[in-house]
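Overview (structure and organization)
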Amino acid sequence: MKHLLASASVAALATLPRVALAQDDAFDLGTITVSASQTPVETKRTGTVVEVVEQDEIEKSSSVRVSETLDTLPGISLSGNGGLGTSSVLRIRGLSGKYVPVYIDGIDMTDPASVQTQYSFGALTTAGIDRIEVLKGSQSAIYGSEAIGGVINISTLRATEMGTHYRYSVEAGSYDTYSATFGVTTKSEQGELAFTLSHTTTNGFSAAEEDAGNPEADGYDGTTMILTGAYQATETVKLGFAFNYLDSTTDQDGFRVDDLTAQELATRLGARVYAEIDGGPIDHTLSLAYSKTEREYPVGFNRFFTGERTEVGYKGVTQMGAVDLAFGANYSEEEFAVDTINGTYRTTSIFGEAQYAASENVDLSFALRHDEHSTFGGFTTGRLAANWRITGDTTLRASIGTGFRAPSLYELFHPVYGNPTLEQEESRSAEIGVEHRFANDAQVKATLFYTEIDNLIEFSGGGYNQVPGTSTTKGLELSGRMALGAATDLFGSYTYTDGKDSSGNQLIRVPKHDFVLGVEAELTDKLSGQLVLNHVAGRANDGGSAMPDYTVVNASMTYDFNDTTQGYVRLENLTNEQYQTSYGYGTSDRAIYFGVRASF
């Protein structure tokens, strides 16, 4: 199993009263990361780079797609095969989705039936999402297989206030797009529940590039349901669960041309139950998680794809002087079926992490993990991270780590393309960064990063094989924010990525230069707005075709009707830029969406 840190920690953190958290900056949700280590830690004390996106930032975004919201973060790039519902891949520091596991409420939601085990962001909207963390660099010592580029942890809506509360939103706009979301939370002294139901439908735009003679629109229709809860059974035992479900239908264009019949019918389910036990010197967490992704392509070469994952885990947490120690064991079973083809593998893991406060201003952490895989045997990974608060305003952080990617079930067991002798890909990564805050609350961050991967699995000689050579990604991330006035902030980021494959060629769909510049302002006591420009340059040819640079401008405005109700407008691609993130596939023209949301 790949680790239940996110599941246990998110649930534990969510149960802390919001009022109590606000009384101590050390426990402000904006400064706590639940993904960087086996236990929650303040971001100012961690040696790894983690980006945190809170609910208010999600609501300010000009897009309802999670992938496009995260695309503005430093080190993140996006490529997609059309509009809502179509295949969409997020890259962290140039490394594609097969190196980036995705967790929702602690459940590993990557699809074991994909050619490479990964998560498609195409149908994931921001409905019901409360918080997103993006952890960068090789993190297999914490999460196991696939965590070479980083990890994305998504937390959904939780009950944080006593009593019962409701929220809703409705939206309509371009491409005949309509969506509605309803949520309810309830909390008592002994338990809590949170429920979200959302539906989105759109006629969409052509997945294949319209300017290449593909006028047919490709629509999407999807329903999402999320349910979480916790119950304090005794003074020392808390029981909890999380559940998410997505049912969607997406029109698609294969091979970059209009296809009037191609569709993907998909369901995605995740569930987890857990028990947290206050054991005195050692706190215990036991959990059971299950996820299943089913995809059907009625006119495809392969029609049915099913991927399942079952995980069981234990984690213990204790304190020994200045050392916080976490340790545990996990078991995972993954299965896939593609029409009549199927396969299974199992992974047994043990892990440990020590976090040491060396002094008031220095924190160290060391993590070690061993995964025993049923096909290729065992592999051990580690991570060492350090954080030095040089002054009250300046922090230096550094980390080194190793990682691995197990061959996917498809790569192992497909009767034509698979290879049962495949072994794991292996990685090494390092990063060093500095963050400084100025007297006017402005801040800047800079991080140098490097990752190399060898023992690569690639399609060659008519199937998947281990190939010689090393792929590398290295570069620089810069980000900052400053006040332009009492109610106006300027923010931005720049990422330089030098990504090379095993032959020394530039990685496709990985821009050398990714620049974001934005301004947000409180225009009146009721009206606020945000304008964001994203310039992408220096991409390699894709499919033998040049990929021109592009600049996209998005905007959003919000108006507070009263303390509980807001109206908003989102404007995508304000200048009507014609561009592609994947060769031959379209992106939205200028579009506008109007909505209302309320909570009470």
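Definitions and limits used
- Residues numbered from 1 in each chain as written.
- Predicted model: local features only at pLDDT ≥ 70, side-chain atom pairs only at ≥ 80, totals over all residues.
- Heavy atoms only, no water.
- UniProt positions renumbered as here; feature names shortened; annotations may be inferred.
- Helix = DSSP H or I, 4+ residues; strand = E, 2+ residues; numbered from the N terminus.
- Rg over C-alpha atoms; globule rule 2.2 N^0.38 Å.
- Buried < 20%, exposed > 50% of the residue type's maximum accessible area, 1.4 Å probe, protein only.
- Contact = heavy atoms within 4.5 Å.
- Areas by Shrake-Rupley, 256 points an atom, 1.4 Å probe, with all protein chains shown as cover.
- Lys, Arg positive; Asp, Glu negative; His and termini not counted.
- Charge placed at Lys NZ, Arg CZ, Asp CG, Glu CD.
- Core = buried A, V, L, I, M, F, W, Y, C linked by side-chain atoms within 4.5 Å.
- Patch = residues over 30% accessible without salt bridge, like charges linked within 9 Å, V, L, I, M, F, W, Y side chains within 5 Å.
- Salt bridge = Lys/Arg side-chain N within 4 Å of Asp/Glu carboxyl O.
- Pairing = 2+ DSSP bridges.
- Polar contact = N/O pair within 3.5 Å; in protein donor to acceptor, adjacent residues only side chain to side chain.
- Phe/Tyr/Trp six-rings, centres within 6.5 Å; stacked < 30°, edge-to-face > 60°.
- Lys NZ or Arg CZ within 6 Å of the ring centre and 35° of its normal.

As annotated in an unreviewed UniProt entry, the protein is TonB-dependent receptor from Pseudosulfitobacter pseudonitzschiae. What UniProt records for the protein under Sequence similarities (unreviewed entry) is the sentence "Belongs to the TonB-dependent receptor family."

1. Observations regarding the overall build of the protein
Across its full length, the protein holds 6 helices and 33 strands. Taking 25 Å as the expected radius of gyration for a compact globule of 600 residues, we find that the protein reaches 23 Å, a close match to that expectation. Projected onto the principal axes, the alpha-carbon positions of the protein cover approximately 65 × 65 × 45 Å. Looking at the protein as a whole, 54% of its 600 residues are labelled buried. Look at the contacts in the protein between residues 6 or more apart in sequence, and 60% of them connect residues 24 or more apart. Accessible surface, the protein as shown: approximately 24,100 Å² in total, 58% of it carbon and sulfur. Positive and negative side-chain charges of the protein, numbering 42 and 78 respectively, have mean locations separated by a distance of 3 Å.

2. Focus on the nonpolar core
As a rule of thumb, soluble globular proteins bury nonpolar side chains together. Ranked by size, the top nonpolar core spans 23 residues in total, and within it Leu 70, Phe 121, Ile 132, Val 134, Ile 152 and Ile 154 carry the most contacts. Those elements giving two or more residues to this core turn out to be helix H4 (66–70), strand E4 (76–80), strand E5 (88–92), strand E6 (102–104), strand E8 (129–136) and strand E9 (150–156). The dominant element in this core, judged by the number of residues it contributes, is E8, at 3 residues. Setting aside its immediate chain neighbours within four residues, Ile 152 contacts Leu 70, Leu 90, Ile 92, Val 100, Pro 101, Val 102, Tyr 103, Phe 121, Ile 132, Glu 133 and Val 134.

3. Re a nonpolar patch on the surface
Together, Tyr 166, Tyr 168, Val 170, Phe 182 and Phe 600 line one region of the surface with nonpolar side chains, adding up to about 460 Å² of accessible area. Counting residues per element, the nonpolar patch draws most heavily on strand E10 (residues 163–173), at 3 residues. Structurally, the position occupied by Phe 600 is in the segment after strand E33 (591–599).

4. Some remarks on the pattern of salt bridges
For the coordinates displayed, the defined rule picks out 36 salt bridges. Between Glu 452 and Arg 428 there is a salt bridge, and its shortest N-O distance comes to 2.7 Å. One end of the pair, Glu 452, is in strand E24 (residues 443–454); the other, Arg 428, is in strand E23 (residues 425–437), and 24 residues separate them in sequence. Among the ionic pairs, Lys 512 bridges to Asp 498, the shortest N-O distance being 3.6 Å. Of this pair, Lys 512 sits in the loop between strand E28 (488–500) and strand E29 (513–522) while Asp 498 sits in strand E28, and the two are 14 residues apart along the sequence. Take Asp 498: its relative accessible area is 11%, and that puts it in the buried class. Among the charged side chains, a salt-bridge network with shared partners connects Glu 51, Arg 93, Lys 136, Glu 431, Lys 445 and Glu 477.

5. Quick look at unusual backbone geometry
A positive phi angle is found at Arg 93, which is not glycine, with a value near 55°. With respect to the element layout, Arg 93 can be found in the loop between E5 and E6. One non-glycine residue, Asp 176, lies in the positive phi region at around 55°. Along the chain, Asp 176 falls in the loop between E10 and strand E11 (177–187). Exposure remark for Asp 176: the relative accessible area of 43% places this residue in the partly exposed category.

6. So, the pairing of E29
Strand residues, when the strand is regular, have side chains that alternate between the two faces of the sheet. Across 9 bridges, the pairing between E28 and E29 is antiparallel. Each residue of the ladder has a partner; that of Thr 488, found in E29, is Ala 521. Examined bridge by bridge, E29 and strand E30 (residues 527–537) share 10 bridges and lie antiparallel to one another. Of the residues in E30, the one forming a bridge with Val 516 is Asn 534. Adjacent in sequence and paired antiparallel, E29 and E30 are bridged by 4 residues.

7. Brief notes about the side chain of Asn 387
Here Asn 387 lies in strand E21 (residues 377–389). On the basis of relative accessibility, which here comes to 0%, the residue Asn 387 falls in the buried class. Separated by 2.8 Å, the side chain of Asn 387 and the backbone oxygen of Thr 46 make a polar contact. Every residue in contact with Asn 387, bar those within four places of it in the chain, is listed here: Thr 43, Lys 44, Arg 45, Thr 46, Gly 47, Asn 361, Val 362, Asp 363, Thr 395, Leu 396 and Arg 397.

8. Here's the deal with the sheet that holds strand E7 (residues 107–108)
Strands sit in the order E3-E8-E9-E6-E7 across an open sheet of 5 strands; the sheet is mixed. The strands lining the two open edges of the sheet, one partner per strand, are strand E3 (50–54) and E7. Sheet analysis places E6 next to E7, joined by 2 bridges and oriented antiparallel. Bridge pairing links Tyr 103 to Asp 108 in E7.

9. Side note on the packing of aromatic side chains
Tallied over the entire structure, the rule returns 14 aromatic pairs. Taken together, Tyr 410, Tyr 417, Phe 459 and Tyr 464 form an aromatic cluster joined through their ring pairs. Note that Arg 597 overlies the ring of Tyr 568, its terminal NZ or CZ placed 4.4 Å from the centroid.

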